[in-house]
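Remarks on the overall topology
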Amino acid sequence: MSREVVIGLDIGTTSVKACVFDLKGNLIAEAERMNTFNYPQQGWVEQDPIEIEQSAVQAIKEAIHKSGIEKHDLISIGFSAAMHSLICVDETGSPISPALIWADGRSYPQAESVIETMGNEVYSETGTPVHPMTPFVKLLWMKETKYEPYLQAKYFMSIKEYLLQCWFNQRVIDYSMASATGLFNPSTHTWNQKLLTLTGIHEVQLSRIVPPTEVLTGIKPQIAEEMGIDPELSFVIGAADGQLANLGIGAILPGEVAVSVGTSGAIRQIASGVKISDNQETFCYSFTEDSSIIGGPTNNGGIALQWLKDLLNDQRSFTEFLADAEKVPLGSDGILFLPYLNGERAPIWNQRAKGNFYGLSITHKKEHFIRAVLEGITFNLFQIGKALERLAGKHQKIYVNGGLSRSRLWLQMMADVFEAEIYVPESYHSAAWGAAWTALVATGKVKSFEDIKENIPMGEAILPNKEISEKYKVIYDNYEKLASGMSKNF
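Residues numbered from 1 in each chain as written. Predicted model: local features only at pLDDT ≥ 70, side-chain atom pairs only at ≥ 80, totals over all residues. Heavy atoms only, no water.

**A word on the overall build of the protein**
In terms of regular secondary structure, the protein is built from 15 helices and 22 strands. Its C-alpha atoms give the protein a radius of gyration of 22 Å, near enough to 23 Å, the size a compact globule of 490 residues would have. In terms of overall dimensions, the protein has C-alpha extents of about 65 × 60 × 45 Å along its principal axes. Per-residue burial for the protein yields a buried fraction of 59% across its 490 residues. For the protein, the computed accessible surface area is about 19300 Å², with 50% contributed by carbon and sulfur atoms. (Helix = DSSP H or I, 4+ residues; strand = E, 2+ residues; numbered from the N terminus. Rg over C-alpha atoms; globule rule 2.2 N^0.38 Å. Buried < 20%, exposed > 50% of the residue type's maximum accessible area, 1.4 Å probe, protein only. Areas by Shrake-Rupley, 256 points an atom, 1.4 Å probe, with all protein chains shown as cover.)

Rendered as structure tokens:
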């Protein structure tokens, strides 16, 4: 019996996932291939684009096999991808450098120089805070250090662009991925010529900018055969994982915010037009012709809890580890934790910021530290959220996904700190579903992006406790004062 399905391909930093959905958002099958990381020097983080492309092929093949679908059941495949990667490519489309990913910090000196000389100007024109994560700053490092692949490169691409080049022999980039380069003007949807000149590259070395609904056809026959798909199948370029996570979780209307917390984290909201903060606390990346996503990423989500768990040599499951935090009252009996273990992006954009426990006493035990770290992560997200509210108004609903969303304690903490209703989808593949839905919009199978709200299986809402929220306000004020001082001392 025929059944219509769609695939969302999520090219993440940690893994590549292919998810097969029915048209109501129910997950039919999934396949995941893990990515490897290389750390050639302190602060350098690289990945192999060839390995990731091959992982994407195999993930699609495996997901199709698991689902048991026929070729004619598959309507389309949509793409989601992590932002800020950069690859030097030769004239044949082959990579001549590894992919420098968002976590690569080698260009910190170049970022500092730009911030001091023209940081406000760059931010106001691009909506992207100046930071080592961006390809703009990475290109400055390549130019200043005479990086050999940069000198030899014909083109410069993200991992997603490289994959599209391999499969379709086309150099295209969607609005959101272009916006995340730091070289893009979100008001005009064009490359910023002044910044290209600073990096020493030309527009012809970058990809053609297209909307997220751009349809790609004519995949190379041998790749289609390896995947097990019809060679005439349409693919849709989609967007960056942040935009698509918001779409896939249903946070698309005014007052609706998406929070993703896995290893790192982010808080984001879709807005009309371009909205840029006064002090560079948030990013503004384009999504469609008339909408953007605004928000802020944090380097320090679940990784801070994993660090503490490893430090304490706690061999229990993560669920059991977090359960200890319930033994301690809110506020962790006076401990405040600044979660800047990996430096920080939003809201302080200081790669040299350090983590810190404040308020320790001899009576504190392991469970106090666990709760303090959990609260510190939440306060940091709330601080980003406050900057977001200044741009887009009060949060009414918060949609949450990521690994921490499996903790009921943390979800209630989020509701209480943010004083908002918390919604968690039944599927945690929000970016993949957002990519799949974009493919359905592009191919005319559904009418609009907004219609996705009727097609997201959602769990029960978690409501804030007013009394606890009032107590958290006092504790957060102390946290914010501490954070504003400590983050600037490094």
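**Quick word on the sheet that holds strand E17 (residues 283–288)**
Taken in spatial order, the 6 strands line up as E17-E18-E16-E15-E21-E22 in an open sheet, and their pairing is mixed. In the strand order of this sheet, the two ends are held by E17 and strand E22 (421–423), each with one partner. In this sheet, adjacent strand axes meet at a mean angle of 30° when their direction is disregarded. (Pairing = 2+ DSSP bridges. Axes fitted to C-alpha atoms, helices over the stretch in contact; angles between N-to-C directions.)

**Examining the packing of aromatic side chains**
Applying the stated rule across the entire model yields 24 aromatic pairs. Here the aromatic rings of Phe-37 and Tyr-39 are separated by 6.4 Å at their centres, their planes lie at 15°, and the arrangement is stacked. Among the aromatic residues, those joined into a cluster by ring pairs are Phe-379, Phe-382, Phe-418, Tyr-472, Tyr-476 and Tyr-479. The ring of Trp-141 is capped by Arg-106, whose NZ or CZ atom sits 4.9 Å from the centre of that ring. Sitting over the ring of Tyr-428, Arg-406 keeps its end group 5.0 Å from the ring centre. (Phe/Tyr/Trp six-rings, centres within 6.5 Å; stacked < 30°, edge-to-face > 60°. Lys NZ or Arg CZ within 6 Å of the ring centre and 35° of its normal.)

**Here's the deal with the sheet that holds strand E2 (residues 15–22)**
The 6 strands lie next to each other as E3-E2-E1-E5-E14-E13, forming an open sheet whose pairing is mixed. The two strands at the open ends of the sheet, each matched to only one other strand, are strand E3 (27–34) and strand E13 (215–216). Pairing between strand E5 (residues 74–81) and strand E14 (residues 234–240): 5 bridges, direction parallel. Across the sheet, the residue bridging to Gly-78 is Val-236, located in E14. Against the sheet, helix H14 (residues 430–442) engages strand E1 (5–11), E2, E5, E13 and E14, with an angle of about 130° to E1. (Contact = heavy atoms within 4.5 Å.)

**Things to note about the nonpolar core**
Among the nonpolar cores identified, the biggest contains 157 residues, and Leu-9, Trp-167, Phe-235, Val-259 and Trp-410 are the most heavily contacted of them. Element by element, the count of residues in this core is highest for helix H12 (residues 366–392), at 10 residues. Once residues lying within four places of it in the same chain are set aside, the contact partners of Leu-9 are Val-16, Lys-17, Ala-18, Ala-56, Ile-60, Ile-77, Gly-78, Phe-79, Ser-80 and Trp-167. Among the nonpolar cores identified, the runner-up in size contains 5 residues, and Ile-249, Ala-251, Tyr-399 and Tyr-423 belong to it. (Core = buried A, V, L, I, M, F, W, Y, C linked by side-chain atoms within 4.5 Å.)

**So, the pattern of salt bridges**
One pass over the structure, following the stated rule, counts 23 salt bridges. The closest approach of N and O atoms between Asp-174 and Lys-160, which form a salt bridge, is 2.8 Å. Here Lys-160 lies in helix H5 (residues 159–168) and Asp-174 lies in strand E9 (residues 172–174), a separation of 14 residues in the sequence. Of the two residues, Asp-174 and Lys-160, both sit in the buried class. One continuous salt-bridge network, built from bridges that share partners, spans Asp-314, Arg-316, Asp-324, Lys-327 and Lys-366. (Salt bridge = Lys/Arg side-chain N within 4 Å of Asp/Glu carboxyl O.)

**Brief notes about unusual backbone geometry**
A cis geometry characterises the amide bond from Ala-346 onward to Pro-347, with omega recorded as 0°. The backbone phi angle of Asn-169 is positive, close to 55°, even though this residue is not glycine. By the secondary structure assignment, Asn-169 is in the loop between H5 and E9. A positive phi angle, close to 50°, is found at Trp-349, a residue other than glycine. Relative to the assigned elements, Trp-349 resides in the loop between strand E19 (336–338) and strand E20 (356–358). Accessibility expressed as a relative area gives 13% for Trp-349, which makes it buried.

**Details of H12**
Its 27 residues place the ends of H12 39 Å apart at the C-alpha level, agreeing with the 39 Å of an ideal helix rising 1.5 Å per residue. In terms of residue burial, H12 counts as a mostly covered element, since 20 of its 27 residues are buried. Immediately beyond the C-terminal end of H12, within one or two residues, lies Gly-393, with a positive phi of roughly 95°. (Expected span 1.5 Å × (residues − 1).)

**Some details on the environment of Thr-438**
Along the chain, Thr-438 falls in helix H14. Between the alpha carbons of Thr-438 and Ser-448 there is a distance of 8.8 Å; along the sequence they are 10 residues apart. For Thr-438, the contacting residues outside a window of four places in its chain are Pro-212, Thr-213, Val-236, Gly-238, Leu-244, Leu-247 and Phe-449.

**Let's talk about the side chain of Ser-286**
Among the secondary structure elements, Ser-286 is positioned in strand E17. With near-sequence residues (within four places) excluded, Ser-286 lies in contact with Tyr-175, Ser-176, Ser-179, Phe-184, Pro-186, His-189, Gln-243, Ser-291 and Ser-292.

**As for the environment of Ala-153**
With respect to the secondary-structure elements, Ala-153 resides in the loop between helix H4 (148–152) and strand E8 (155–157). You can call Ala-153 buried: its relative accessible area is 11%. In this structure the C-alpha to C-alpha distance between Ala-153 and Gly-242, which are 89 residues apart in sequence, comes to 29 Å. Apart from residues lying up to four places away in sequence, Ala-153 is in contact with Cys-88, Val-89, Ile-96 and Gln-205.

Everything listed here is a matter of coordinates, which is why it stays silent on function.
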